[in-house]
Amino acid sequence: MSLKFYFKFEEEQIKTCIIGKGFISKKMYFDLNKDSHLYVLNDFFGRNKELNFELSTESNPILAIITPSMRRDASGSYCEVANSGIAPEKLGERFNIPQCFLISIKFK
């Protein structure tokens, strides 16, 4: 199955929707803690163009929308996070990211 993920950043919210063959998910809205232009999309594809998952009840992280990793000198960076090898659910804690949206797929 092929899925398309849509994200629209508005002033204080992000709007999300997933479209697949024959269905469209419910539109969901999430509040943003920072200016919308500070958020970037980080994928967990590495060098792959597609990801394949076994049918299971485990959650499979595929994308993250993050603000920059904040350093002690108050500067920020996105580069350290991309393909860091850190478990996706630990990104916010490990890299001091103020807000992180983790997009996962779970098959039932």
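Computed from a predicted structure; not experimentally measured.

Caption draft 1: Inspection of the overall build of the chain at higher detail. When helices and strands are tallied, the chain shows 1 helix and 9 strands. Shown N-terminal to C-terminal, the secondary structure of the chain runs as helices and strands in the order β-β-β-β-β-β-β-β-α-β. Residue burial in the chain is summarised as follows: out of 108 residues, 24% are buried. The contacts of the chain with a sequence gap of at least 6 include a subset with a gap of at least 24, amounting to 51%. For the chain, the computed accessible surface area is about 8,000 Å², with 49% contributed by carbon and sulfur atoms. Considering the chain, the positive charge centre built from 15 side chains and the negative charge centre built from 13 side chains are found 5 Å apart.

Caption draft 2: Main features of the environment of Ile97. Position of Ile97 among the secondary structure elements: in the loop between α1 (91-94) and β9 (100-106). Expressed as a C-alpha distance, the spacing of Ile97 and Arg71, which sit 26 residues apart in the sequence, is 9.6 Å.

Caption draft 3: Representation of the packing of aromatic side chains within the structure. Under the criterion given, the structure shown has 3 aromatic pairs. Consider the rings of Phe30 and Phe101, whose centres lie 5.7 Å apart with planes at 55 degrees: the pair is tilted. Highlighted residues: Phe30 in strand β4 (residues 28-31) and Phe101 in strand β9, separated in sequence by 71 residues. Judged by relative accessible area, Phe30 falls into the partly exposed class, the value being 31%. Three or more aromatic residues joined by ring pairs make a cluster, and in this case those are Phe9, Phe30, Tyr39 and Phe101.

Caption draft 4: Broad picture of the pairing of β9. Residues of β9 alternate between two faces, with Phe101, Ile103 and Ile105 buried on one and Cys100, Leu102, Ser104 and Lys106 left unburied on the opposite face. Relative to β9, strand β6 (residues 59-66) runs antiparallel, the two being bridged by 7 bridges. Of the residues in β9, the one forming a bridge with Ser59 is Lys106.

Caption draft 5: Region of interest: the environment of Ser2. On the secondary structure map, Ser2 appears in the segment before β1 (3-9). Between the C-alpha atom of Ser2 and that of Glu50, which follows or precedes it by 48 residues, the distance is 9.3 Å. Each residue touching Ser2, except ones within four places of it in the same chain, is listed here: Ile19, Gly20 and Lys21.

Caption draft 6: Examining the side chain of Thr16 more closely. Mapped onto the fold, Thr16 is located in strand β2 (residues 13-20). Setting aside anything within four residues of it in sequence, one finds Thr16 in contact with Tyr6, Phe7, Lys26, Lys27, Met28 and Phe30.

Caption draft 7: Region of interest: the nonpolar core. Core analysis: the largest hydrophobic core is formed by 9 residues, namely Ile14, Leu32, Tyr39, Ile62, Leu63, Ile65, Phe101, Ile103 and Ile105. Counting only elements with at least two residues in this core, the list comes to β6 and β9. Not counting residues within four places of it along the chain, the set of residues in contact with Phe101 comprises Ile14, Phe30, Asp31, Leu32, Tyr39, Leu63, Ala64 and Ile65.

Parameters at a glance
Residues numbered from 1 in each chain as written. Predicted model: local features only at pLDDT ≥ 70, side-chain atom pairs only at ≥ 80, totals over all residues. Heavy atoms only, no water. Helix = DSSP H or I, 4+ residues; strand = E, 2+ residues; numbered from the N terminus. Buried < 20%, exposed > 50% of the residue type's maximum accessible area, 1.4 Å probe, protein only. Contact = heavy atoms within 4.5 Å. Areas by Shrake-Rupley, 256 points an atom, 1.4 Å probe, with all protein chains shown as cover. Lys, Arg positive; Asp, Glu negative; His and termini not counted. Charge placed at Lys NZ, Arg CZ, Asp CG, Glu CD. Phe/Tyr/Trp six-rings, centres within 6.5 Å; stacked < 30°, edge-to-face > 60°. Pairing = 2+ DSSP bridges. Core = buried A, V, L, I, M, F, W, Y, C linked by side-chain atoms within 4.5 Å.

Everything listed here is a matter of geometry and, on its own, says nothing about what the molecule does.
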